[in-house]
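Listed below are the residues making up each chain.
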Amino acid sequence: MPALTITVPLINSGHVRVAEDSGDAVGVVWALPALQGIALLHGLYVDPPCWKRGIGRALFEAAVTSTLGMKAGALMINAEPSAEGFYTRMGAIRIGEGPFYFSPETILPQLLYIIPRDREPASPATDH
């Protein structure tokens, strides 16, 4: 799906993070500015054989750090229905639901993660 394709310009924007294991990519996350003060988590994917190893948590934290670099205080998430529990364990709250753009019969939970005020903004050195 074009909207879920990670492109070279997206990579060059500095908003994509990749998790590796022994040189193999096992997960990816990217978040982009959406509204003033709110970023949108466009995707967080972990290869299923690598689930339950903390990779998703590390990628989510990377997205939060990236969000701080965007000067956003919240991260909006349109979650895969089976991933809602993961995001709520990360601290996100469900704020609604809506149809998946590419498959309107699929209803996605919409969540919001409010970044705690005690988190430090990402420094320019870690924001790339």
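Residues numbered from 1 in each chain as written. Predicted model: local features only at pLDDT ≥ 70, side-chain atom pairs only at ≥ 80, totals over all residues. Heavy atoms only, no water.

## As for the sheet that holds strand β4 (residues 74-78)
- Pairing in this open sheet of six strands is mixed, and the strands run β1-β2-β3-β4-β6-β5 from one edge to the other. On the outer flanks of this sheet lie β1 (16-21) and β5 (93-100), each paired with one strand and no other. For this sheet the average axis-to-axis angle between neighbouring strands, irrespective of direction, equals 25°.
- In the packing of helix α2 (residues 55-69) onto the sheet, the strands contacted are β1, β2 (24-35), β3 (38-46), β4 and β6 (103-114), and the crossing angle to β3 comes to about 155°. (Pairing = 2+ DSSP bridges. Helix = DSSP H or I, 4+ residues; strand = E, 2+ residues; numbered from the N terminus. Axes fitted to C-alpha atoms, helices over the stretch in contact; angles between N-to-C directions. Contact = heavy atoms within 4.5 Å.)

## What to know about the pattern of salt bridges
- Evaluation of the coordinates by the stated rule reveals three salt bridges.
- Between Glu84 and Arg94 there is a salt bridge whose closest N-O contact spans 2.9 Å. Here Glu84, found in helix α3 (residues 84-90), pairs with Arg94, found in strand β5; they are 10 residues apart in sequence, far enough to count as distant.
- Residue classification places Glu84 among the buried positions, given a relative accessible area of 18%.
- Linked through salt bridges whose partners overlap, the residues forming this network are Glu84, Arg94 and Glu97. (Salt bridge = Lys/Arg side-chain N within 4 Å of Asp/Glu carboxyl O. Buried < 20%, exposed > 50% of the residue type's maximum accessible area, 1.4 Å probe, protein only.)

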